[in-house]
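Next come the chains, spelled out residue by residue.
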Amino acid sequence: MTAHHETHQPTITLIANPYSVHVLRWLQLYEKAGITVRIESPERKQDGAPEGVTIEHLAPGWIPGPSFLRYRRAGKAARQRTRQPGEILHAHCTSGSGYTALLSGHPYIVTTYGSEVFGARERGRLYHWMIKRVLRHASLITATTPMMVRTLVEEFSIPEERIRMFSLGYDSALFSPVEDKQRRELRRRLDLPSTERVWVINRRTLSLYRTVEVVSGFLEFCRDHADGQLVVLSGDDDPVYSQQLREVIAASHHKSRVHLVREFLPAEGVAEWLRAADFAISVPRTDQLSTSILEAMACGAVPILSDLEAYQPLHHCEAIHHVTDGSTEGFARMFDETWSTSTKQLQRDRLQCADFVTSRFCETSVLDHIRELYGLCREDAAETREAA
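Below, the structure is looked at part by part.

What counts, and at which threshold
Residues numbered from 1 in each chain as written. Predicted model: local features only at pLDDT ≥ 70, side-chain atom pairs only at ≥ 80, totals over all residues. Heavy atoms only, no water. Pairing = 2+ DSSP bridges. Helix = DSSP H or I, 4+ residues; strand = E, 2+ residues; numbered from the N terminus. Axes fitted to C-alpha atoms, helices over the stretch in contact; angles between N-to-C directions. Contact = heavy atoms within 4.5 Å. Disulfide = S-S within 2.5 Å. Buried < 20%, exposed > 50% of the residue type's maximum accessible area, 1.4 Å probe, protein only. Core = buried A, V, L, I, M, F, W, Y, C linked by side-chain atoms within 4.5 Å.

## Things to note about the sheet that holds strand β10 (residues 258-261)
Judged by pairing direction, the sheet is parallel, and its six strands sit side by side in the order β10-β9-β8-β11-β12-β13 without closing on themselves. Of all strands in the sheet, those bounded by a partner on one side alone are β10 and β13 (321-323). Between one strand axis and the next, the sheet turns through 20° on average, direction left out of account. As defined by bridge partners, strand β11 (residues 279-282) adjoins strand β12 (residues 302-306) across four bridges and the pair is classed as parallel. Each residue of the ladder has a partner; that of A280, found in β12, is P303. Here helix α14 (residues 343-360) sits on the sheet in contact with β11 and β12, set at roughly 75° to β12.

Here it is, written out as structure tokens:
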């Protein structure tokens, strides 16, 4: 590392789970922005770590995790590290990595996620107290929606000047639509009928995302409709909740029409299912503007969304469907309504979604936001890359 490098970019250390899809997205953006980072992780070492980045595991493998004990032990190890002058710590979530960063005793930035902040009170007083403490001690906080900013200010008393709001956009090189011929071939390879409506749930199988209610609604829809397929990409799921989901599917006469993808897919695999789908379902109780929705739109899958304030930036896209009734019956009606969309209208809607997200969520502005977060300008980052 040259003196020129040290002058322009301080050491940036992520306190993060390097195996998380969210962190992988940040790593892609760092590379495109010309920013060099390293990772200190509270998580156990496992296969599938990202290449080209230094990763140091802070807690011994024998400690069960994720757990309070693991994050506490990692925080103690982080505190004992010798830090470079001006080194920046950035915790890539509030609850686990954020707690580790807090215990490090070093100034840190924290990135928030809706599932841990919006529902903090419901998860108990101790959890809410911990989230509050992590947020209040952060030097800067990143958020992706006005709703998150308002929650941070009103519920956690965070000064607005310490919050940086921007969307992470999506990887346009990977998530894009395909021509009809390629789409038919893709469906054949994925064992999906070429002419039936296909819905995909590309959110984790968790109670937060109402996966059981959605699947139950689909199975109810199947009683009166002879065609239509539902794909569930389980992702990093809750094992107990997933077992409940499998039992619901197994008990139905229409179980063959639900494709449960249990393995954790790389981004390329997710993109294939989204390109093959007609609709992508994201109906959580709370959320920020998730990258997964932008990825679906970019692939030409029309979103079916909860009526959340966080999704307001997408309201200008008329093709999107909104759900206000989160019950099994409500989802059954949603499947019926979207199934009834004519092929011509669906083609127009798919194209509109892809055009909308391409024009409004390009990566250029995202990279500038990330550089500004660390006090870098475009030239600094470029020179850092050349010197590295």
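## Let's talk about the state of the cysteines
Per the counting criterion, the structure on display carries zero disulfides. This cysteine, C317, is not joined by any disulfide, and C353 carries the nearest cysteine sulfur, 4.0 Å off. Judged by relative accessible area, C353 falls into the buried class, the value being 0%.

## Thoughts on the nonpolar core
When a protein is soluble and globular, its nonpolar side chains tend to lie buried together. One finds I281, L314 and F335 to be the most contacted residues of the largest nonpolar core, which totals 64 residues. Among the elements that make up this core, the one with the highest residue count is helix α9 (residues 211-222) (seven residues). Setting aside residues up to four positions removed in sequence, I281 forms contacts with W199, V200, I201, N202, R203, V214, L230, I304, M334 and F335. Listed in part, the 27 residues of the second largest apolar core include I15, V110, F156 and I158.

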